[in-house]
Amino acid sequence: MKTKKEKAKVAETTNGHEIITGAEAILRALVEEGVNTIFGYPGGAIMPVYDKLLDYQDKLHHILTRHEQGAAHAAQAYAMVTGKPGICFATSGPGATNLITGIANAYLDSVPMVFVTAQVVSNLIGTDAFQETDIIGVSMPVTKWNAQVKKAQDIPDTLAKAFFIACSGRPGPVLIDITKDAQFEKVEFSYKKCTYLRSYNPTIPLRTRAIESAAIMINHAEKPLILAGHGVLISRAEKELLQFAEKTGIPVAMTLLGLSAFPSAHRLYAGYLGMHGNYAPNILTNEADLIIAIGMRFDDRVTGNLKKYAKNARIIHIEIDEAEINKNVTVDLEINNDAREVLKHLIPLVHEKNNENWIREFRILDRMEQEKVIKPETMPAEGKIKMGEVVRLVSELTGGDAIAVTDVGQNQMSVARYFKFSSPNSLVTSGGMGTMGFGLPAAVGAKTGNPGKQVVAFIGDGGFQMTIQELGTILHYGIPVKIIILNNGFLGMVRQWQDMFFDKRYASTELVNPDFVTIALGYGIPAKTVTERKELKDSIKDMLDSKGPYILDVRIDKEANVLPMIEPGASVSEVTLTYK
């Protein structure tokens, strides 16, 4: 005899397929795509999905953040450390619009994400109904693709397309907006992963002739320089990059989002590029006779004044997104393919070299920067605690094996400069958008994605207060992240620009801060304030050794600047090493 439940289940099938609600179809589609973690925040229009989520707790782990923006940043960090798409839920109206900063952040940083928002019932669309917003129109400029679903039968195919588009080619965020009535409506569920869409061709045939031409250029270059970006990590080409660099003896400089794709301790590591990057790679960009740009987009923070950029060099650009080639910098040879595939075919064609004389030029400039900037910043003998020494100590005490999460500003630049990365995908930061408030929720996402790794978040006192509510998420789930507040009582990077370019007129940048330790204790998180250098190292050790989450409020030099710096309008070779 069948039970009532079993009979009901038989009644809810047809043609061998279950009949389920649209809300459940969303969750089933996620399971079919291998999703196991969702970040989100419920509300009226998405309530049917959350109701069904209770039945999927054995398959789908939902993390309730304290704000939709926090959910978006946490999901992005999860994607960055796992290589899987980040999944985020939000309700209609303000719930959906609160995601926009996080969506834009993922879009500029090419991170695969699937956002599912709810919409008012179909017959109310366009009536200015309660909590109705045209999220499709709002999100269109900052998504790789978006779509609205009004019928339950369209949910499986639309989500399949969403995953395919988000994860293929140059990855990015997609958004699916689903009406409330479609969530209640019944559908005959079947699911087929999407592997092809007409007019969308993310897989480009390998340009073998261009690769052969690149090899000839590389073999004849006397001062070649590799500029490696986020595309190396996205294509998982870290091993190929290492093999290519070691065979050719070419120094490797990294963009901000490229950091951790190449070991910081390697003899061919040339340093961090850009406005606050290392002295040698910035100066010598304009001395190179060949630049091999791999998975990077010649962002303005990397190039400085374009009219003065790399005038002595021929440029090879390896880039999966054709729109980025010749957009900012005109190149001599374009290879519009996946970085890993290109490097695999290029390595056998290039000659073994050591480029000793060229590398010696980097070492000379490195020593200059070491004496004038790095040593005073990371190993000061006296005075106030410096950001750089905090980062150096964490890097040393973790062996560079932790995942470093940053907020945005001076804390971000200090981590980029002074943390020694030893493994791929160990930096989580906001690159293109430069979103203050990213760090705290991103730490939640990074630790959720890689629970076996130590996750240390470096956050300024300004950025910390932008998403401070996510301490509630840490409390709720007991997420053992380590948080260092680099507390200088200022919006540090803005103050630095006011110092350097606005005659020290500190307009609206000095902060009156709460007692962060008291706030942390209110959330059940152990915390400590550090004001003296003599207690810094032991305090960091205690933080790292703690079993659960921990907050360290480190009071640092209030008016220290991050140097070197390429000033606005300057060439990369005009980088300022010191400033008075």
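Report follows, based on the coordinates. (Residues numbered from 1 in each chain as written. Predicted model: local features only at pLDDT ≥ 70, side-chain atom pairs only at ≥ 80, totals over all residues. Heavy atoms only, no water.)

Here's the deal with unusual backbone geometry
For the bond from Leu563 to Pro564, the omega torsion is 0 degrees, close enough to zero to count as cis. Mapping Pro564 onto the fold places it in the segment after strand E21 (550-555). For Phe298, which is not glycine, the phi dihedral falls at a positive 55 degrees. Topologically, Phe298 is positioned in the loop between strand E13 (290-294) and helix H14 (300-303). We classify Phe298 as buried; its relative accessible area is 2%. Phi is positive for Ser508, which is not a glycine, with a value near 55 degrees. (Helix = DSSP H or I, 4+ residues; strand = E, 2+ residues; numbered from the N terminus. Buried < 20%, exposed > 50% of the residue type's maximum accessible area, 1.4 Å probe, protein only.)

Considering the sheet that holds strand E7 (residues 145-149)
Taken in spatial order, the 6 strands make up an open sheet running E4-E3-E5-E6-E8-E7, and their pairing is parallel. Edge positions in the sheet fall to strand E4 (61-64) and E7, since each has one partner strand and no second. The mean angle between the axes of side-by-side strands here comes to 20 degrees, regardless of whether they run parallel or antiparallel. Strands in contact with helix H2 (residues 22-32) are strand E3 (37-40), strand E5 (86-90) and strand E8 (173-179); relative to E5, the strand with the most contacts, it is inclined by about 170 degrees. Contacting E3, E5 and strand E6 (113-119), helix H4 (residues 68-82) runs over the sheet at an angle of about 165 degrees to E5. (Pairing = 2+ DSSP bridges. Axes fitted to C-alpha atoms, helices over the stretch in contact; angles between N-to-C directions. Contact = heavy atoms within 4.5 Å.)

Thoughts on the environment of Thr518
Positionally, Thr518 belongs in helix H23 (residues 516-522). In the structure, Thr518 is positioned 10 residues away from Lys528 in sequence and 9.4 Å away in space, judged by C-alpha atoms.

What to know about the nonpolar core
Core analysis: the largest hydrophobic core is formed by 101 residues, its most contacted members being Ile226, Ile316 and Ile484. With sequence-adjacent residues up to four places away left out, Ile226 is seen in contact with Leu241, Phe244, Ala245, Ile250, Pro251, Val252, Ala253, Ile292 and Ile294. Of all hydrophobic cores here, the second largest spans 53 residues; its members include Tyr78, Ala90, Val111 and Val142. (Core = buried A, V, L, I, M, F, W, Y, C linked by side-chain atoms within 4.5 Å.)

Details of the state of the cysteines
Per the counting criterion, the structure on display carries 0 disulfides. As a non-bridged cysteine, Cys88 has Cys167 as the owner of its nearest cysteine sulfur, 15 Å distant. The thiol of Cys194 is unpaired, and the distance to the nearest cysteine sulfur, on Cys167, comes to 11 Å. (Disulfide = S-S within 2.5 Å.)

Here's the deal with the side chain of Glu132
Relative to the assigned elements, Glu132 resides in the loop between E6 and helix H7 (135-139). The charged side chain of Glu132 is buried without a salt bridge, its nearest counter-charge being Lys150 at 9.1 Å. For Glu132, the side chain forms a polar contact with the main-chain nitrogen of Asp128, separated by 2.9 Å. Other than its neighbours up to four places away in sequence, Glu132 contacts Gln119, Val120, Leu124, Ile125, Gly126 and Thr127. (Lys, Arg positive; Asp, Glu negative; His and termini not counted. Salt bridge = Lys/Arg side-chain N within 4 Å of Asp/Glu carboxyl O. Polar contact = N/O pair within 3.5 Å; in protein donor to acceptor, adjacent residues only side chain to side chain.)

Remarks on helix H18 (residues 410-418)
With respect to burial, H18 is a largely interior element, 9 of its 9 residues being buried. Restricting attention to buried positions, one finds in H18 the residues Gln410, Asn411, Gln412, Met413, Ser414, Val415, Ala416, Arg417 and Tyr418.

Things to note about the layout of surface pockets
Put simply, the second largest pocket is a space of about 470 Å³. If you trace the second largest pocket, you find 24 residues lining it, with Tyr269, Asn278, Gln370, Ile374 and Lys420 closest to the centre. In terms of residue count, helix H16 (residues 356-378) provides more of the lining of the second largest pocket than any other element does, 7 residues in total. Class assignment of the residues belonging to the lining of the second largest pocket gives a composition of 9 nonpolar, 7 polar and 8 charged. (1 Å grid on protein atoms, 1.4 Å probe; cavity = no way out; pocket = protein on both sides within 12 Å on 5 of 7 lines; lining within 4 Å. Points joined across faces, edges and corners; volume = space filled by probe spheres on them. Nonpolar A, V, L, I, M, F, W, Y, C, P; charged D, E, K, R; others polar.)

Considerations on the side chain of His276
On the secondary structure map, His276 appears in the loop between strand E12 (269-272) and helix H13 (279-285). Among the polar contacts listed, one links the side chain of His276 to the backbone oxygen of Pro564, at a separation of 3.2 Å. Ignoring any residue separated from it by four or fewer positions in sequence, one finds His276 in contact with Met413, Arg417, Met493, Gln496, Val562, Pro564 and Met565.

Section: the packing of aromatic side chains
Inspection of the entire model under this criterion finds 10 aromatic pairs. A ring pair is formed by Phe298 and Tyr309, whose centres lie 6.1 Å apart and whose planes are at 75 degrees; its orientation type is edge-to-face. A residue pair is termed long-range when its members are at least 10 positions apart, and Phe298 in the loop between E13 and H14 and Tyr309 in the loop between H14 and strand E14 (314-318) qualify at 11 residues. The class for Tyr309 is buried, based on a relative accessible area of 5%. Summarising the aromatic geometry, the rings of Phe490 and Tyr506 are spaced 5.5 Å apart at their centres and angled 75 degrees between planes, so their arrangement reads as edge-to-face. Remark: Tyr506 occurs in the loop between helix H22 (492-501) and H23 and Phe490 occurs in the loop between strand E19 (482-487) and H22; sequence separation between them is 16 residues. Residue classification places Phe490 among the buried positions, given a relative accessible area of 5%. The aromatic ring of Phe490 is capped on one face by Arg495, whose charged end is 5.9 Å from the ring centroid. (Phe/Tyr/Trp six-rings, centres within 6.5 Å; stacked < 30°, edge-to-face > 60°. Lys NZ or Arg CZ within 6 Å of the ring centre and 35° of its normal.)

Observations regarding the environment of Ile484
Structurally, the position occupied by Ile484 is in strand E19. What makes Ile484 buried here is its relative accessible area of 0%. Taking the C-alpha atoms as reference points, Ile484 and Ala457, 27 residues apart in sequence, are found 6.0 Å from one another. Sequence-distant contacts of Ile484, that is, excluding residues within four places in its chain, are made with Val390, Val394, Val456, Ala457, Phe458, Ile459, Met543, Leu552 and Val554.

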